[in-house]
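Spelled out from the first residue to the last, the chains are:
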Amino acid sequence: MMNVGVLDESLRGILDAVSDGVYVTTAERQIVFWSKGAERITGYSSDEVLNRHCYDNILVHTDVLGKNLCFDGCPLQKCIETGERQEAKEVFLKRKDGERLAVYIKALVLQVGDERYGVEVFGELQSVAGSALTERLKQLSDASIIDQLTGLYNRHYIDTILDQQYGLFKRHFQRFGLVVIDVDKFKNINDTFGHLAGDEALKFVASVVQRTMRSMDFLARFGGDEFIIVCPLIELDGVEKLSERLVGLVHHSVLSSPESLKNVIEVSVSVGGSMVDYKDASAADIIARADEALHRVKRDGGDWYALG
């Protein structure tokens, strides 16, 4: 691994003074320097990212059409492989606080002796393209990957994330887990209180789950009344603790019916979790085990979550 001492104090001081974000990786894309500008733009401190890999999807880089660049089309990776400078003008990253931010990216190679390192410089697109164009690009990007009701990722995007996490497991043995969440008696909520009440119940569950999961996790609306969390770099006990925590937070929560404040809606969820396994032929196998665990909860009652 590169010793950050390769970047002498004067150079690091200059990079820290630049308003743009700057980070340096090894040829294996392990992050070894993270500037003050990178901290400001992303919300992640250097302690949170150093020694991790940029393909850990920390910033969830996507293009306007929702393609995840951390795994397919990464400018920094191409730069390291070819030695040629790369630029991308319309990229979105996800800040630590969840905000999606339009940025421009420039990547170049730093050669130190026999070792090659990647340097990525990124800045807020609004500063060079203006707010009107930036907002329009964000709207186009959101339409590709965001569920309009809940503001979470949509099924199409999370399927991409699942395939990419499975690919990382096969190539780098990085384990991941997932949690499938089902809103209990959702049809009854719709039939009794109306579809607006059902929408409010879904948005409520989405907000609770967002506060429960880790910043590196991916949450999506998976179906009508189902959600899914993809959890990189986790073990089975972590999946179990997450399942238990979110069930406890949602269980017997009460909402007011949009039609009448006199009516209250009780909301609860059932959860099934699973971990990637060496026998899995694809990400679909992991989902199937989580679904089976969820159906067991629904069928047998008693526990509110199960692992498959």
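Cut-offs applied
Residues numbered from 1 in each chain as written. Predicted model: local features only at pLDDT ≥ 70, side-chain atom pairs only at ≥ 80, totals over all residues. Heavy atoms only, no water. Helix = DSSP H or I, 4+ residues; strand = E, 2+ residues; numbered from the N terminus. Expected span 1.5 Å × (residues − 1). Buried < 20%, exposed > 50% of the residue type's maximum accessible area, 1.4 Å probe, protein only. Arc of directions from axis to C-beta. Patch = residues over 30% accessible without salt bridge, like charges linked within 9 Å, V, L, I, M, F, W, Y side chains within 5 Å. Areas by Shrake-Rupley, 256 points an atom, 1.4 Å probe, with all protein chains shown as cover. Salt bridge = Lys/Arg side-chain N within 4 Å of Asp/Glu carboxyl O. Axes fitted to C-alpha atoms, helices over the stretch in contact; angles between N-to-C directions. Parallel < 35°, antiparallel > 145°, perpendicular 65-115°, else oblique. Contact = heavy atoms within 4.5 Å. Nonpolar A, V, L, I, M, F, W, Y, C, P; charged D, E, K, R; others polar. Pairing = 2+ DSSP bridges.

- Looking at an unreviewed UniProt entry, the protein chain carries the name Diguanylate cyclase, with the source organism given as Candidatus Cryosericum hinesii.

**Things to note about helix H10 (residues 236-250)**
Okay, so step 1: Here H10 is 15 residues long and its end C-alpha atoms lie 22 Å apart, about the 21 Å a rise of 1.5 Å per residue gives.
Okay, so step 2: Taken residue by residue, H10 has Val239, Leu242, Ser243, Leu246, Val247 and Val250 as its buried positions. Along the long axis of H10, the arc covered by the buried residues comes to 125 degrees, so they all point the same way. Pointing more than 90 degrees away from the buried face of H10 are the exposed residues Lys241 and Gly248.

**A short note on a nonpolar patch on the surface**
Okay, so step 1: A contiguous nonpolar patch, built from Leu11, Ile14 and Val18 and spanning about 230 Å² of accessible area, is present on the exposed surface.
Okay, so step 2: For leucine 11, a relative accessible area of 34% corresponds to the partly exposed category.

**Regarding the pattern of salt bridges**
Okay, so step 1: Taken as a whole and judged by the stated rule, the model has 17 salt bridges.
Okay, so step 2: For the salt bridge of arginine 214 with aspartate 217, the shortest nitrogen-to-oxygen distance reads 2.6 Å.
Okay, so step 3: Residue class for arginine 214 comes out partly exposed when judged on its relative accessible area of 27%.
Okay, so step 4: With its nearest N and O atoms 2.6 Å apart, the salt bridge here joins aspartate 280 to arginine 289.
Okay, so step 5: Among the charged side chains, a network of salt bridges with common partners joins Arg95, Asp97 and Glu99.

**A few points about the packing of helix H7 (residues 155-172) against helix H11 (residues 283-300)**
When two helices pack together, you describe them by how their axes are tilted relative to each other and by the distance separating the axes.
Okay, so step 1: Axis separation between H7 and H11 bottoms out at 9 Å; the angle between their running directions is 110 degrees. When the interaxial angle is binned, H7 and H11 end up roughly perpendicular. Side by side, H7 and H11 meet where Leu162, Asp163 and Tyr166 of the first sit next to Ala283, Ile286 and Ile287 of the second.
Okay, so step 2: Class assignment of the residues belonging to the contact of H7 with H11 gives a composition of five nonpolar, no polar and one charged.

**Brief notes about the side chain of asparagine 190**
Okay, so step 1: With respect to the helices and strands, the residue asparagine 190 is situated in helix H8 (residues 186-193).
Okay, so step 2: Not counting the four nearest positions on each side in its chain, asparagine 190 is found in contact with His195 and Gly198.

**Considering the pairing of strand E6 (residues 176-183)**
Okay, so step 1: Summarising burial for E6: eight of the eight residues are buried, a large majority.
Okay, so step 2: What you see with E6 is no split at all: Phe176, Leu178, Val180 and Asp182 on one side and Gly177, Val179, Ile181 and Val183 on the other are buried throughout.
Okay, so step 3: Sheet topology note: the E6/strand E8 (residues 226-232) ladder contains seven bridges and is antiparallel. Within the sheet, the bridge partner assigned to isoleucine 181 lies in E8 and is phenylalanine 227.
Okay, so step 4: Across seven bridges, E6 lies against strand E11 (residues 269-275) in antiparallel orientation. Within E11, the position partnered with glycine 177 by the bridge is methionine 275.

**Digging into the sheet that holds strand E3 (residues 86-94)**
Okay, so step 1: Ordered by their spatial adjacency, five strands build an open sheet running E2-E1-E5-E4-E3, and the pairing between neighbours is antiparallel. This sheet does not close on itself; its edge strands, each paired only once, are strand E2 (31-34) and E3. In this sheet, neighbouring strand axes are inclined to one another by 30 degrees on average, regardless of whether the strands run parallel or antiparallel.

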